[in-house]
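Next come the chains, spelled out residue by residue.
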Amino acid sequence: EKGTYPHFMLKEIDEQPFVIRKIIQEYKNENDEIKLDLDIRQAMKNCDRIYIIAAGTSYHAGLLGKQFIEKLANIPVEVHVASEFSYNMPLLSEKPLFLFISQSGETADSRSVLVQIKELGHPALTLTNVPGSTLSREANYTMHLHAGPEIAVASTKAYTAQMAVLAILAVDTARAKGLELEFDPMQELGIAANAMEALTDQKEELEELAREYLPTTRNCFFIGRSVDHYVGLEGSLKLKEISYIQAEGFAGGELKHGTIALIEDGTPVIALATQENVNYSIRGNVQEVEARGANSLIISMKGLDKEGDAFVIPHVHHLLTPLVSVIPLQLISYYAALHRDCDVDKPRNLAKSVTVE
Ligand code: F6R
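Throughout what follows, the structure given in this document is the object of discussion. Not measured: the values here are computed from a predicted model.

1. What about the overall build of the protein?
Item 1. Looking only at helices and strands, one finds 12 helices and 10 strands in the protein.
Item 2. Relative to a compact globule of 357 residues, whose C-alpha radius of gyration would be 21 Å, the protein shows 20 Å and is just as compact.
Item 3. For the protein, the exposed area adds up to about 14,900 Å²; of that, 47% sits on carbon and sulfur atoms.
Item 4. Looking at charge distribution, the protein has the averaged site of its 33 positive side-chain charges lying 2 Å from that of its 49 negative ones.

Here you go:
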């Protein structure tokens, strides 16, 4: 039920802080420790490499999952687009663990990888929003995203839920391996949830930005470095799927290796600047595109913001900025689509779950 909301997508965007709080509750025991199936903990601890398999938005969450697992739990991770994996199977390590990320749990491309790796006898863990789904039933283990039903075709709350669950999984694994961590995921996710909630109250500002930057444009670029790059990929997917504006996400340093040729007077470039270690470089990239006439819109984080930034998100832990910085991108996409009279919840040519390969 949409209730008072005009679209499921807007409702689901607003639900995100509550989903994160629900995840914190669901993955915590009475002693405030992480609550996780012991078999999953063991499988994570025992593997020597993790292969993340996903598609679309879930693939973008997987890119961040790699950061969490490598940085916190010290296990090498590869992230693969499901549809490419079957015929380009990488050389597998001795003790691989496959991690399927899927909102619906029904994506055919992911399922065919699951069938393939099961034949080889490798273990699989599925992160899904639908526990009884095919990918959940056929994997050895399941972690539930607890996002509640996601109805809008464009995925929003499942994406932030995936990142939150991946962060918890990475920390649990680190602790199981006896690694010392300063990062308290439940506390930091709680802070992120508050920041997300604050942003969902800034809709008017974001609608204005969509009106100002994306009124008639045919295309739009997203740039960012490090994790901001991944959020830019997700922002560009959201924008193109619901507003039909051609959008592309790039690593900040990559645009100038070719695509900068497309920048003309007024081309919108949305830049994310939430990471201290790359703040200087990404701002340099913004200057490069501005010098070619780009209409740049910088989304930065409090503490790293500079005069002229179009939008500033609250300060959160640097690993968790994607959960927060994606919200202005989701809302800008939503309003851009609305301004173009697009069918926000049911974009053309798309289905909620892609059950063909
Ligand atoms: C984008 C979107 C798709 C899905 C992709 C994978 O908004 O919804 O890109 O993320 O089709 O779907 P799941 O996660 O159900 O496997």
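2. Concerning helix H10 (residues 227-243)
Item 1. Here H10 contains 17 residues, and its C-alpha end-to-end distance of 24 Å stays within 8% of the 24 Å for a straight helix at 1.5 Å per residue.
Item 2. Taking burial as the measure, the 17 residues of H10 include 15 buried ones, the bulk of the element.
Item 3. Of the residues trailing H10, Tyr244 is marked for its positive phi of about 65 degrees.

3. As for the layout of surface pockets
Item 1. Roughly 590 Å³ of internal volume is contained in the largest pocket.
Item 2. For the largest pocket, the lining is made up of 29 residues, of which Ala55, Gly56, Thr57, Glu241 and Val354 are closest to its centre.
Item 3. Listed by contribution, the elements that provide at least two residues to the lining of the largest pocket are helix H3 (56-73), strand S3 (96-102), helix H5 (108-119) and H10.
Item 4. Broken down by element, the residue count for the lining of the largest pocket peaks at four residues, all from H10.

4. What to know about unusual backbone geometry
Most peptide bonds adopt trans geometry, and most residues besides glycine take a negative phi value.
Item 1. Backbone geometry places Asn74, a non-glycine residue, at a positive phi of 60 degrees.
Item 2. Mapped onto the fold, Asn74 is located in the loop between H3 and strand S2 (77-81).
Item 3. One non-glycine residue, Asp341, lies in the positive phi region at around 60 degrees.
Item 4. You can see Asp341 is positioned in the segment after helix H12 (321-339).

Cut-offs applied
Residues numbered from 1 in each chain as written. Predicted model: local features only at pLDDT ≥ 70, side-chain atom pairs only at ≥ 80, totals over all residues. Heavy atoms only, no water. Helix = DSSP H or I, 4+ residues; strand = E, 2+ residues; numbered from the N terminus. Rg over C-alpha atoms; globule rule 2.2 N^0.38 Å. Areas by Shrake-Rupley, 256 points an atom, 1.4 Å probe, with all protein chains shown as cover. Lys, Arg positive; Asp, Glu negative; His and termini not counted. Charge placed at Lys NZ, Arg CZ, Asp CG, Glu CD. Expected span 1.5 Å × (residues − 1). Buried < 20%, exposed > 50% of the residue type's maximum accessible area, 1.4 Å probe, protein only. 1 Å grid on protein atoms, 1.4 Å probe; cavity = no way out; pocket = protein on both sides within 12 Å on 5 of 7 lines; lining within 4 Å. Points joined across faces, edges and corners; volume = space filled by probe spheres on them.

Note that all results are geometric; they support no functional claim without further evidence.
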